[in-house]
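# Remarks on the overall topology
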Amino acid sequence: MSKVYTDFIHGVLLGVTSVTVTLSFGPCNLNINGSPMTFHSGVDMVPAVKVTPIEKARVKEIGSNATDGNYIVLQHGDDTESVFKHLVPGSILAKVGDIVLRGPAIATSGRTGNTSGAHCHLGIRVKGVWVDPIPYLQGIKKLTPYLDLT
């Protein structure tokens, strides 16, 4: 069931004041393009547009696979990572090792990988465990900014 949010203090979709979460975090029973899914590691948001980090981060990984499509993994402080999936080919505006800030676009969300439509998938891992991104977007929980010691 979709839910519209207008209270995201830390939006990741540039220029958007209202987002619709089309798939929430947690257990699910879906079949997308013939692939069963029993757990959703983040939230899927529309409209699909340019995305920005929640907080200052270091680009840890950029890749592509059949499930996630094009993706970027951002490293924050305290063993926390944010992951954006299903990005438009060639739209990632950073490279591994770059420090990225909240505000400027880092990629464009799209429809790569196993998906039924264009959207922004945001997942957050804390010490390797997936957690619900909604409290971070609402400002209830905070991501520790990446501390660049160089």
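The structure presented is a predicted model; accordingly, all values stated were derived computationally and were not measured. (Residues numbered from 1 in each chain as written. Predicted model: local features only at pLDDT ≥ 70, side-chain atom pairs only at ≥ 80, totals over all residues. Heavy atoms only, no water.)

### Thoughts on the overall build of the protein
In terms of regular secondary structure, the protein is built from 1 helix and 13 strands. Going from the N terminus to the C terminus, the protein shows its helices and strands as β-β-β-β-β-β-β-β-β-β-β-β-β-α. Here the C-alpha atoms of the protein give a radius of gyration of 14 Å, agreeing with the 15 Å that 2.2 N^0.38 yields for 150 residues. Put simply, the protein has 150 residues, and 47% of those count as buried. Here the contacts in the protein between residues at least 6 apart in sequence split such that 60% fall between residues at least 24 apart. Each charge class in the protein can be summarised by its mean position, and for the 13 positive and 11 negative side chains these summaries are 2 Å apart. (Helix = DSSP H or I, 4+ residues; strand = E, 2+ residues; numbered from the N terminus. Rg over C-alpha atoms; globule rule 2.2 N^0.38 Å. Buried < 20%, exposed > 50% of the residue type's maximum accessible area, 1.4 Å probe, protein only. Contact = heavy atoms within 4.5 Å. Lys, Arg positive; Asp, Glu negative; His and termini not counted. Charge placed at Lys NZ, Arg CZ, Asp CG, Glu CD.)

### Regarding the packing of aromatic side chains
Tallying each qualifying case throughout the model produces 2 aromatic pairs. When the centroid spacing of 4.9 Å and the interplanar angle of 25° are considered together, the rings of Tyr5 and Phe8 count as stacked. Considered together, Tyr5 and Phe8 belong to a single accessibility category, that of buried residues. For the ring pair Phe25 and Phe39, a centre distance of 5.3 Å and an interplane angle of 80° mean the geometry is edge-to-face. One end of the pair, Phe25, is in the loop between strand 2 (19-23) and strand 3 (26-32); the other, Phe39, is in strand 4 (residues 35-40), and 14 residues separate them in sequence. Classification of Phe39 as partly exposed rests on a relative accessible area of 40%. (Phe/Tyr/Trp six-rings, centres within 6.5 Å; stacked < 30°, edge-to-face > 60°.)

### Considerations on the pairing of strand 12 (residues 120-126)
Here strand 12 lies mainly inside the structure; 5 of its 7 residues are buried. Pairing geometry for strand 5 (residues 42-46) and strand 12, over 4 bridges, is antiparallel. Counted as the bridge partner of Gly42 is Gly123 from strand 12. In the sheet, strand 9 (residues 80-87) pairs with strand 12 via 6 bridges, with the strands oriented antiparallel. When the sheet's bridge partners are listed, Thr80 is paired in strand 12 with Val126. Two successive antiparallel strands, strand 12 and strand 13 (residues 129-131), enclose a turn made up of 2 residues, where Lys127 displays a positive phi of approximately 50°. (Pairing = 2+ DSSP bridges.)

### Some words on the pattern of salt bridges
As enumerated under the stated definition, the model contains 6 salt bridges in all. In this structure, Lys60 engages Glu81 in a salt bridge whose closest nitrogen and oxygen atoms are separated by 2.3 Å. In this pair, Lys60 is assigned in strand 7 (residues 57-65) and Glu81 in strand 9, connecting sequence segments 21 residues apart. Salt-bridge contacts for Lys85 lead to Asp68; the nearest nitrogen and oxygen are separated by 3.3 Å. Here Lys85 is found in strand 9, whereas its partner Asp68 is found in the loop between strand 7 and strand 8 (69-75), with 17 residues between them in sequence. Residue class for Lys85 comes out buried when judged on its relative accessible area of 10%. When salt bridges with common partners are traced through the structure, they connect Lys60, Glu81 and Arg125 into a single cluster. (Salt bridge = Lys/Arg side-chain N within 4 Å of Asp/Glu carboxyl O.)

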